[in-house]
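Residue-level structural notes
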Amino acid sequence: MELSVGDKFSTSMEVTDELVRQFAEVSGDYNPLHLDDEYAAQTRFGQRIAHGALSAAFISAVLGFEFKERSIVYLSQTLRFVAPVYIGDTVTATATVTKIRGDKPIITLETVCTKQTGDTVTTGEAVIMLL
């Protein structure tokens, strides 16, 4: 697999009630903001929002799928949650190569999640090692 700075990889997924509930089961995060319509309606968001870490999982999905030809080790990920994701939103996770080390097979990628409105919901940086 040949990589160059500027290469982009992305995937999209709809955030459904079932997906949020499954994520709660896997993560153990049962915050009512994610699961209880009545509770969430009383918050500043006015409705349930997805777990922020669900967007991070979409980034992991991009890296795991796009680099399936070569195994990778996920070394680090920074995250900044900048806007809510609601049930019914479609989130697109994009990873853009920003740095390729010359001495080791280590790649740095800018990671951004946006929703169908074009609004950015998550930003960060991932570092992976190609095996």
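Just above, that's the structure.
Report follows, based on the coordinates.

Rules used in this analysis
- Residues numbered from 1 in each chain as written.
- Predicted model: local features only at pLDDT ≥ 70, side-chain atom pairs only at ≥ 80, totals over all residues.
- Heavy atoms only, no water.
- Patch = residues over 30% accessible without salt bridge, like charges linked within 9 Å, V, L, I, M, F, W, Y side chains within 5 Å.
- Areas by Shrake-Rupley, 256 points an atom, 1.4 Å probe, with all protein chains shown as cover.
- Salt bridge = Lys/Arg side-chain N within 4 Å of Asp/Glu carboxyl O.
- Helix = DSSP H or I, 4+ residues; strand = E, 2+ residues; numbered from the N terminus.
- Core = buried A, V, L, I, M, F, W, Y, C linked by side-chain atoms within 4.5 Å.
- Buried < 20%, exposed > 50% of the residue type's maximum accessible area, 1.4 Å probe, protein only.
- Contact = heavy atoms within 4.5 Å.
- Pairing = 2+ DSSP bridges.
- Axes fitted to C-alpha atoms, helices over the stretch in contact; angles between N-to-C directions.
- Polar contact = N/O pair within 3.5 Å; in protein donor to acceptor, adjacent residues only side chain to side chain.
- Expected span 1.5 Å × (residues − 1).

Thoughts on a nonpolar patch on the surface
A surface patch of nonpolar side chains, about 260 Å² in accessible area, is lined by Val73, Leu75 and Leu131. Relative to the assigned elements, Val73 resides in strand E2 (residues 72–81).

Quick look at the nonpolar core
In this structure, Val15, Leu54, Leu63 and Leu109 are the most contacted members of the largest nonpolar core, which totals 27 residues. Mapped by element, the contributors of at least two residues to this core are helix H1 (17–27), helix H4 (52–66), strand E3 (90–100), strand E4 (106–115) and strand E5 (120–130). Excluding anything up to four places from it in sequence, Leu54 contacts Val15, Leu19, Val20 and Phe23.

Some remarks on the sheet that holds E5
The sheet built from five strands is open, its strands ordered E1-E3-E4-E5-E2 with antiparallel pairing. The open sheet has two free edges, formed respectively by strand E1 (8–14) and E2, since each of these has just one partner strand. When the angles between neighbouring strand axes are averaged without regard to direction, this sheet yields 20°. As judged from the seven bridges shared by E1 and E3, these two strands associate in the antiparallel manner.

So, the side chain of His51
Mapped onto the elements, His51 comes out in the loop between helix H3 (37–41) and H4. One polar contact links the side chain of His51 to the main-chain carbonyl oxygen of Asp29, over a distance of 3.0 Å. Once residues within four sequence positions are removed from consideration, His51 is found in contact with Val20, Phe23, Ala24, Ser27, Asp29 and His34.

Structural notes on the pattern of salt bridges
Tallied over the entire structure, the rule returns five salt bridges. Residue Asp17 pairs with Arg21 through a salt bridge whose shortest N-O separation is 3.0 Å. Pair noted here: Asp17 and Arg21 are both in helix H1, with a separation of four residues, about one helical turn. Look at Arg21 and you get partly exposed, because its relative accessible area is 36%.

Quick notes on H4
With 15 residues, H4 extends 22 Å between its outermost C-alpha atoms, agreeing within 8% with the 21 Å of an ideal straight helix rising 1.5 Å per residue. The elements touched by buried residues of H4 are E1, H1, E2, E3, E4 and E5.

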